[in-house]
Each structure stands twice: as structure tokens, then as C-alpha cells.
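# Descriptive analysis of the structure
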Amino acid sequence: MLRFLVWLLSALWLATPGVLVSAPAATSAPAPLAAPRAAASDDSLSGLLPEGALACVHVPSGLAVWDCPAGRSARALAEESGLVRELAPLRGALRLATGADPESLLRFLLGGEVAVALYAGPPSRLAAGESGPRAVVALSRTEDAEGLQRTLGALLALASNEHDVRHLLHKDLPYARVDRKLFVAAHEGVLIAGNNDELLTEALERVRQAATAATVGARASPAAANVPSSVKEPPTGSATLATFSFDTALLQASTLRGVRQPGRKLLGRRLANPLANLLFGGLTLAEGRVDGALTSNDNSLTLQALLPPPPADAAAAWFPPGVDSMVVPTTPQTIAVVSARRDLADWWRQREVLMSEDSQPALAKADENIAVLFAGLSPAEDVFAAVAPELALVVDRQLFADASLVPEVRLPGFCLVGRLVAASEFSDSVSVAFQSMVSIVNMDRARDGRAPFVLEVEEHEGVPMRLARLAPRRTDGPAALGTDPNWSPAAAIVDDWLLIGSSAEQVRRLISSIHGGAPVERDGTFGFDIDMPTAIELARENRAGFVAQRMLEDGADPDEAGSDIDKLLQLLSVLTKLRADVRQIEDGLQLELTLGFAPPATLRTAEGDR
Amino acid sequence: MSASWRTAEEALAPFRPDIDGPWDAGSASHLLRRTCFGGTRQERDQVLRWGPGAAVNELVACPPIEGAYASVLEALSPLLSAGSLELYRSVWLTRMLRDPRPMREQLALFWHGHFATSVAKVRGPHLMAAQVDLLRTLGPGRFGVLLGAVARDPAMIRWLDGNGNRARHPNENFARELLELFCLGVGHYEECDVRDAARAFSGWHEQDGRFRFNAREHDGSDKLVLGRSGPLDGDDVLAACLERPACAEHVGGRLFRHFVHAAPSPELVTLIGEHYLASGYDTLALLRELFASRAFFDAQARRSLVSSPVALAIGAARTLGLRPDTSELGTRLADLGQALYEPPSVKGWDGGLAWLNAATLIGRMNLAARFATSFAALRKPDPAPLRDGVADLGALIDLLFDGELPGGLRDRLASGDMPLTQAIHILLSLPEAQLS
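In this text, all values refer to a predicted model and were calculated from it rather than measured experimentally. Numbering of residues begins from 1 in every chain and follows the order in which that chain's sequence is written. Starting at A for chains and at 1 for ligands, labels are handed out in the order in which the entities are written. Confidence filtering applies because this is a predicted model: local features only for residues at pLDDT of at least 70, side-chain atom pairs given and counted only at 80 or more, and all residues used for totals across whole chains, interfaces and linings.

### Describing the overall build of chain B
- Comment: elements are numbered from the N terminus, with helices defined as DSSP H or I runs of at least four residues and strands as E runs of at least two. When helices and strands are counted, chain B shows 24 helices and four strands.
- Relative to a compact globule of 436 residues, whose C-alpha radius of gyration would be 22 Å, chain B shows 23 Å and is just as compact.
- Summarising its shape, the C-alpha atoms of chain B cover approximately 75 × 55 × 45 Å along the three principal directions.
- Within chain B, buried positions represent 50% of all 436 residues.
- Two residues qualify as being in contact provided that their C-beta atoms, derived from the backbone, are within 7 Å of each other. Contacts spanning at least 24 positions in sequence make up 73% of the contacts within chain B whose residues lie at least 6 apart. For a compact globule the rule gives 2.2 Å times the number of residues to the power 0.38, and the radius of gyration it is set against comes from C-alpha atoms. Exposed residues have 12 or fewer other C-beta atoms within 10 Å of their own C-beta, buried residues have 20 or more, and partly exposed residues fall in between, where C-beta atoms are placed from the backbone.

### Concerning the interface of chain A and chain B
- Listed as interface residues are 23 residues of chain A and, on the opposing side, 25 residues of chain B.
- Looking at the side of chain A that touches chain B, the elements that each hand over two or more residues are helix H16 (423-448), helix H17 (478-481) and helix H20 (543-554) of chain A.
- In terms of residues, the side of chain A that touches chain B owes the most to one element, H20(A), which gives eight residues.
- Across the side of chain A that touches chain B, the residue classes break down as ten nonpolar, seven polar and six charged. Any residue outside Ala, Val, Leu, Ile, Met, Phe, Trp, Tyr, Cys, Pro, Asp, Glu, Lys and Arg is labelled polar, Gly included; the first ten of those are nonpolar and the last four are charged.

### Remarks on the environment of A:Pro472
- Secondary-structure assignment places A:Pro472 in the loop between strand E16 (463-470) and H17.
- Sequence-wise, A:Pro472 and A:Val328 are 144 residues apart; in three dimensions their C-alpha atoms are separated by 34 Å.

### A word on the nonpolar core
- Think of a nonpolar core as buried Ala, Val, Leu, Ile, Met, Phe, Trp, Tyr and Cys residues, each tied to the set through C-beta atoms within 7 Å. Of all hydrophobic cores here, the largest spans 257 residues; its most connected members are A:Ala117, A:Leu139, A:Ile192, A:Ala203, A:Leu499, B:Ala197 and B:Cys241.
- Considering each element in turn, this core owes the most residues, eight residues, to helix H19 (residues 309-320) of chain B.

### As for the confidence of the model for chain B
Residues and elements named next belong to chain B.
- pLDDT gives the predictor's per-residue confidence on a scale running from 0 to 100. When pLDDT is averaged along chain B, the result is 92; 95% of the residues meet or exceed 70.
- Note on residues 380-390: pLDDT under 50 across the span, and 17 contacts to partners over four residues away in sequence or across chains.
- In the predicted assembly, ipTM is 0.89 and pTM is 0.81.

### Thoughts on helix H18 (residues 504-515) of chain A
All names here are of chain A.
- The length a helix should cover is 1.5 Å for every residue beyond the first. The terminal C-alpha atoms of H18, which comprises twelve residues, lie 17 Å apart, in line with the 16 Å expected from a rise of 1.5 Å per residue.
- Most of H18 is tucked away: ten of the twelve residues are buried.
- Within the span of H18, buried status applies to Ala504, Glu505, Gln506, Val507, Arg508, Arg509, Leu510, Ile511, Ser513 and Ile514.
- Residues of H18 that are buried sit in contact with strand E13 (387-396), strand E14 (413-420), strand E15 (453-460), E16, strand E17 (490-494) and strand E18 (497-501).

### Some words on the environment of A:Phe280
Residues and elements named next belong to chain A.
- Note on placement: Phe280 falls in helix H10 (residues 274-284).
- Look at Phe280 and you get partly exposed, because 18 C-beta atoms sit within 10 Å.
- For Phe280 and Gly524, which are 244 residues apart along the polypeptide, the C-alpha to C-alpha distance reads 13 Å.

### Describing H20(A)
- For H20(A), spanning twelve residues, the distance from its first C-alpha to its last is 16 Å, which sits close to the expected 16 Å at 1.5 Å a residue.
- Every buried residue belonging to H20(A) is among A:Gly545, A:Phe546, A:Val547, A:Ala548, A:Gln549, A:Met551 and A:Leu552, and all of these are buried.
- In this structure, the buried residues of H20(A) make contact with helix H21 (558-572) of chain A together with helix H5 (67-80), helix H6 (85-98) and helix H20 (326-335) of chain B.
- Once H20(A) finishes, A:Gly555 follows within two positions and takes phi at roughly 65°, a positive value.

### Digging into the packing of H6(B) against H20(B)
Residue and element names in this part refer to chain B.
- Between N-to-C directions, angles cover 0 to 180 degrees, with each direction set by a line fitted to C-alpha atoms, over the stretch in contact for helices. Put simply, H6 and H20 touch, their axes get as near as 8 Å, and they point 100° apart. Put simply, H6 runs roughly perpendicular to H20. Contacts between H6 and H20 involve Glu86, Arg89, Ser90, Leu93 and Thr94 from the first element and Thr326, Ser327, Leu329 and Gly330 from the second.
- Class assignment of the residues belonging to the contact of H6 with H20 gives a composition of two nonpolar, five polar and two charged. Note that the term roughly parallel is reserved for angles under 35 degrees, roughly antiparallel for angles over 145, roughly perpendicular for angles of 65 to 115, and oblique for everything else.

### Some thoughts on the pairing of strand E11 (residues 325-328) of chain A
Residue and element names in this part refer to chain A.
- Alternating residues of E11 divide into Met326 and Val328, all buried, and Ser325 and Val327, none buried.
- As paired elements, E11 and strand E19 (residues 520-523) share four bridges and run antiparallel to each other. Bridge pairing in E19 places Ser325 opposite Asp523. DSSP bridges decide pairing: two strands pair if at least two such bridges lie between them.

### With respect to the environment of A:Arg509
All names here are of chain A.
- With respect to the element layout, Arg509 can be found in helix H18.
- For Arg509, a count of 26 C-beta atoms within 10 Å gives the class buried.
- The contact partners of Arg509, leaving out residues within four places of it in the chain, are Thr331, Gln333 and Asp396.

### Observations regarding the packing of H20(A) against H5(B)
- The geometry of H20(A) relative to H5(B) is characterised by a closest axis approach of 7 Å and an angle of 115° between their N-to-C directions. One way to sum up the angle between H20(A) and H5(B) is to call them roughly perpendicular. By crossing handedness, the relation of H20(A) to H5(B) is classed as left-handed. Where H20(A) approaches H5(B), its residues A:Ala544, A:Gly545, A:Val547, A:Ala548, A:Gln549 and A:Met551 are matched on the opposing element by B:Val72, B:Ala75, B:Leu76, B:Pro78 and B:Leu79.
- Among the residues making up the contact of H20(A) with H5(B), the classes are represented as nine nonpolar, two polar and no charged. Each crossing gets its hand from how the near helix is turned against the far one by less than a right angle, where anticlockwise is left-handed and clockwise is right-handed.

### A look at the confidence of the model for chain A
Residues and elements named next belong to chain A.
- Confidence in the prediction of chain A, expressed as mean pLDDT, is 80, and 79% of residues score 70 or more.
- Predicted confidence is poor over residues 1-42, with pLDDT under 50, and the contacts of this stretch with residues over four places away or in other chains come to 92 contacts.
- Note on residues 217-231: pLDDT is under 50 here. Beyond four places in sequence and across chains, it has 39 contacts.

### Brief notes about unusual backbone geometry
Residue and element names in this part refer to chain B.
- A positive phi angle, near 70°, is found at Arg123, a position not held by glycine.
- Turning to its location among the elements, Arg123 is positioned in the loop between helix H8 (119-122) and helix H9 (125-138).
- Even without glycine at this site, Arg303 takes up a positive phi of about 50°.
- Within the secondary structure, Arg303 is located in the loop between helix H18 (294-297) and H19.
- When the 20 C-beta atoms within 10 Å are taken as the criterion, Arg303 is described as buried.

As C-alpha cells, then:
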């Protein structure tokens, strides 16, 4: 049912050619459908939704979503991707059935206030608990009750061509069932849709009561999903597009049936992957409600959410005491920065509690290996304890200055950045570990007959760097080297900064960045920042590889695959940045996710240039 | 194999349409399956028009790679330097799918099983890819040239411990497999031949992914191998093998079993050996003779071979006009028992009925389901995308099974009552579909 509903809404939205590039406020629709208005906050549709929702989304104005820069960019993407052309027949059918232009029809149905709620499903016959499919109810307020009845009737008539449409009654109020999956009704200008008979009729009853009360001066109950007080007010110039609220129980496996396996693992409570656990473990551990809002301004879309606080026993590792602030060196080639304040030593000590049982044997082995690399030091007490709780991963585009060692497939450089508690005491241990690691790698490569890495020491801006340079043999061609030229591991200690990277050129740049005072201050206990233009530049450098990969996966011809990749890169260029920050506050964790957009005009200009 | 002919000469004689049997769509499909993995309806109709002689000459050929297919290979080349086994597998499967004359890939696959070398021990996927390139390039030519190149191939040297074959400590692995598996077969050599052949190959080493003759580790003293004596080196041993009729019979017989019928009579194998030897081990010439023979077009040869997973998948995809995701296909085929670049042992894949067991049969049905879904999706918007012009299920059944299906199955499937995806799934899961 959800898929049908999404399809219907998407189809309606995309079947409006005139508004895909620009969305004029006025329309020349033939049908007399009134323009919607944003809802007043005290008679919100959220209050008319049945009680007990697991999740609730409230959109004050569908038009605001439609017309915000992100909405315009998304529509431009849809047009560029050819989705609109595929829906041309549906557009014609809609016009024929309703007598209205699809654009005005969509604005009429969804341009006003919208509220959607998700409910636990009834128990299935085969399993206990709330194991049935989730139920959805959606309400949308229009300004023309008669127009809505007429439009719904026309849409149901259109649907009856291919679906089983039954007309039913709740008391004296009519509603319809489509294919036993979708229930729809319209009352007093409110469109009600859902996949559960009982919930739909309850919503219908609430709408009727609210309408009756309104006529005698009463108001509906307050909104269930207003912006919580702990979520920051939107900045000046920003508009709130939607507010939402959900229970973290929603992230249970039964809800995520449609999510691919890796996604489900990531959302689990005790992440097995150590790196994922270190970064995200504290964010997924707590139980309770998440409240948030989606806001938009001229060139970005921001999602703010208040997550429940993590359990106290986990706080020490993931949320060490101190100021939630750190500095990270970056370079002009930086694609992404992931930063986290984590007490590595405490996290490692508590690994048996914080990570799943399945991962314990591997963790025990890792503990041994780390001890070997660091010449017998204890990983928790000597190695990780030497690193301050400020960690970052910096990802850079590599420039490959040595023209003789440029790989066909270019990978980014990765550098782990940390601060040392006592740099002078730990320096030798880092050198030993680096040498040991390169030796182990070389032994393995020798068994594979691959070129070795040669250990070198160089000085960059007065900082001694240990690096491992790939030493190709005279006979090694590109196939023998493969992606190896991407790797030139290096380690350096600059003041109290520890840099361990996969690319020597990146480490050199980061040393210069630290010396040049370029480090960027970041707030929060966790965050990431992706510079989309630089990432796309790297993707463009690997265009030939992507084209070949697409040919293998889709059986496309070279020209066809090349065109697809170019289009994808073009579409991605509408994104300018992706940034996330998590701050610890008194009530819990505050998440802010920002997606930056280039104006749609940029997309079209670039397309024209191409 | 016993059929309508009485002698081996008659079996190898050229097939005469209407005298030895009809030259019909079934014959054309049979030829396409064995030479090209399979073919579309258009390709089958073209083969039919050519007639058996011209069709064999056209299909059993490895012309230079040019045109659109050359552009495809050029576009795929960046991945070849990535050095990943999965990518090499995927690229090879793509070559099998898209080569307009896939006899080249059929032969490379045959030689890959004959000179079975596995990445599991070689460890350098690029060396395995280079070996298959060698098989692809030299495979259609003279066997002696191919054999000499394989003996110097770095992957083969690693696989059979060539670097451990030193003057004072000969390693017999390569010499033994050369005599037993690659050239002569059991019973055509003695243990002393193995020992001296190993000494002849001492010093044939691999270094940094290249062949290197290490003179200091080569045993230059006298040897006696297969009747030849003197300070023999590896090339002398190869020549001694090649001049033995048993070598031509062994390799020619394997070619016959792989491409024509699994059980040739001893007389037929002897005759094939004679012809192979007389042609100077010209593999493509022998194959043309085999594919044009009465034995090949005999009813007993048709659908007599169990398709290997690779042949099954590529054949179905080529026949249905599909372009499956070869990255995923490589993994599926490994699950079905045929991991390219990774044969199970030096003997290669056992083949035949060994391809089929409870697990692989289910895997084959799952593969059929995958292809059926792809085929239905390809057909749904418009029949036009079907490059072969298959207009209805009945035509497809005729193409896949030469119109021969047991009982009323053809009528039931083609009646249109069953969803297309389900019908194709059933078709590709039939026992007949597992046979070539």
C-alpha cells in the first residue's frame, strides 16, 4: 500500500511539467481548485491523527516544500533523469479524468498542510508481537471541500480501470477501498488516506468532530509533532518545512525489512564493525523518542533532531568529559572530514560490552596484533591512552606528482589525525609500529609477487616523516601494479599532532596546514563534512573506470555508459556540501544534518555547456 | 559413441545435408551452442542460410578484433589495471557475451580447463589474466606454439613450482603434469621420463612476473626422455611430446569430448590424432573438421553434453539477448562450481555429470529465475528491444529447444496463460536446458 501511495504521490508530483524547472505561484488550471494556505499552528492536522503513532511528520505547507530551493533542485533532477517523460501517459490520463491540470491538481491536494503518521501493525497470525505490516495514515488539508470530493471521485474512477475499488460507509460518511490495500476519504476539505480500515475511520471521525467543534468555536487538540523546544530555532531566512517525531523502536529489524542488510547492521544497537562502533555506537544505543524539524533556506536543507541521551555507562567511552570542540587540519584537496571526540582507551577497555559477541574473537586477535606492532605495549593502557580524545579522519584527493606512478583508478588518500598526550614519549613507538606494519605488508606482498614498499625518512618543513614508497620492479606493468600507486603510507608527529596516512603527499599537505595555522575548529562530539565539488572532481578523474564498471554491471555500450556517468556526475553537481554535527546537550544529543544545493540554474547552465 | 556410420572415417567425413540428415533450425542451433555458447534467432537464421560448410568456416574462426567490440574492450581496459580477481572474471564473462565470434572465448575456456591453473596458488590475479590472454591468443593456432608459451608462462611456473626446479633438486610437478595431463596421458610415459623431463625444465623460472631462464640452475647434463637423448632442455622435451601420436590423440580426443561428444570410440580418437598430427597440430583446422563432421551433426551428439555453468549462463544470455551483470554472474558461477581463474585442481573441472548435484541444480534454477526476470523486464515496455526479434514464447521455445519439448509442455507454456517470467523460468530450468 505504501508503495502504491508513494507511487501515486510521486506520479502526481512528477506529472507536472510546467513546474519542474520553476514553480509559479499561480496556475492556469482549468478546474476551479482553490489555492492552499499554510495551516495555523493551533488547529494542526497532527491533532486529528489517531493516537499511538510510532512516528509522525507534519508539513505546515506543501507549497513551501515544493518551492524551496531543495524542492526545486529535486524537481530539476527528476526532469534531467527523464522520469518526467516516462510519466507523460499518466499526466494525460489525470487531465482527462479530473479535468484539471496535474500541476494544479497536485498543488490542490498536497499544497496545504499535510500530516502523516506511522503505526505499529497488528500482530500477524504467524508471529507474536507487533509483527504485522506497519500502518500509515495521511491527512492533507485543501481549501475546497466540494472540489476535493469531485477530484477524489475522478481519481477513484481512474483507478478503477486497473484496480478493485469499493465504496464503503463509516456511519454516514463515505470512504473507498482500493485493492484492499488503500483506504481513502474526503471530509470537510481534508483528504484522508491510509492502509488500515480502523485507523482511517478513526481519523475520519476525528476530522468530522473537529469540523463540528470548529463550527461552535472550539479548536482541535494541539499538534503532536510541533518543533520541540530543544531543537534550535531555524536561522533567520529559513523556513520550517516539516517537523517530525518518532520512537527509536522504529529502527527495529521488523521495520527495516525493506532496508538492505548492511543498512540494518549499521542501525543495530551494538555495531560489530569497530570503526562504525567507535563513530556511531553512541548514537544508536539509546531508547526513546527523536524529535526534529526540517528547514530550508536559499541554498541548503537542514535537518535538526534531538536524540535521546545515551545510557550513563556508555557515556565515558563515546562522550568523554570536556568541551565538545576540536580542531582538524584540512587542505585545498580535502574531500571529507570525519571528526569524533572519543576516549579510545576506555572504548577499547569496554569492547566486550560495547561490541557484539560475534566480533570478540576478532577483537582479541586485534589486541594481540596491536601489541605486536607496538613492540609489546598494551593497546588500552599504553597505545590508545597516549591519544587524546580528539580524532579525525581526513580524506583528500591525491594529485600524484610523480607522473610515472599514476594509477588508472585513483583512490583518495586517508589520514588519521589525533592529538598525543605526550608526543615526545610516544614518537619512537609510532616509528616502530610503522616499520613493523610495512614489514608485515611487504612479506604478504612478496608471497603474491607484488612490488615492495621501501621505508624512507624525509623531512618536510622541519618535521621528520616516515614513509613507505612503492618500489616497482623494472618488469612491473600497469596490470602488475594495479591500484598500488595509490598507496604511499606515511606517519608524522607535528607538535602534539599525530598523522598516519595512506598517502605521503596528503601527510605533507597536512603538516603544512598545521604549520600554516589552517586547522578548522569543529564543534560537537561527532561530525562529518563532505565537500561535494572536490569529491565530484575525483569522480571525474575516474570516469573511465566508472564507465567500464557500468558496462560490466549493466551491459551498456561504451557511449551509453559514458553518457550515463556524465549525467550522474552532472546531477550530483547540484550538491555543494553535506555536513553533520552531533552535540551533547542536557536533554540528549542534538543532530544537525545540512545538505547544500547549488541553484537549479547552475544545473541547467552546466548542462548547456556540456 | 555409435551412430549411423560404420567407420571412424565416415564419422569424420563432412556432413551432407539431406543425405546424412536435415540441415534445419535444430542443426543450426546445435552448431551455435557448441561454437558460440548459443545464438539469437537472427543468428540462427543466418547460420541456416549459410549452410553447414560455410557456417562452420564463419563460426569456427578467430578474426582480428575490430569495430564496436574493439571499442568495448578499449573501454574496459582501465579495470584491467585494477588487478582484482572479481574484475578479471567479470571482464572475461563480458568478452564471452559480446565477442561477435565467441569461438575465441570457447577455446580460451577449453584451454583454461586443459592447462588448469588456479589463482589460489598463483596469487597474482594479473598473472592469471595474462595466462588466459595467452590461451586466447595462441589457443586457436598450433598446439606446439601454445604448449611452448604455457611452459614459460609465469602463472604456470608458480602453479607447478617451477622456481623450485633446480639443477641439484629437480621438482617434477610440471614435468609430470606435462606428460600426464597436458600432452600424453597415463600409460604413454615412464617414471624415468618424468624424472629426466623435470631436469630438462630446471632453471625455467619466474621472476617479477616474467619468464627467466636461470642458466645456473639448469641441469645441462644428458637425459633420456621419450626416446630422445642428449643434453635436453625444456623445448626438446616439448618436441618429444609433440612428435608422439599419443599427444595428438590425447589433445585431439579432449577437443572432441569437449566440443562434440563425451564418448568417442578408440578408433575415432586415433583418427582424430592422425589428422591433428598431420596438420601440425593446427587446432582451428581440427575444430573445423570436427564441427563439419557427420559425428557432430548426428542425433546422438545433440544435447549430449552437460553444459558447464559458464556455458549455461552465457548461452542463455546470448540466446535471450540479455546483458547480465557480469560482476554478480562471476560469483554465481563460482557457487555453481565453476570459478573462473580458479579450477579445483591441476586436472581442471571434471565436467559432465559432475556439474550437477542437489546444490548446483538449485543454483541453476535460481540463475534461470534471474534471467527470466531480466528477460521479462526487457520485453515489458516494448518487444522491440529484443535484438533477436523473438516475438512470442513459442518462437523462443523453438529457439531454445529446437521445438522439441516433452509432452504437451510446449503448448502449455506457449498458451499465454502463464506469466512470461514464470514460463521462461520453467524453460531455463528444464533438464533439456542443462544440456548442450
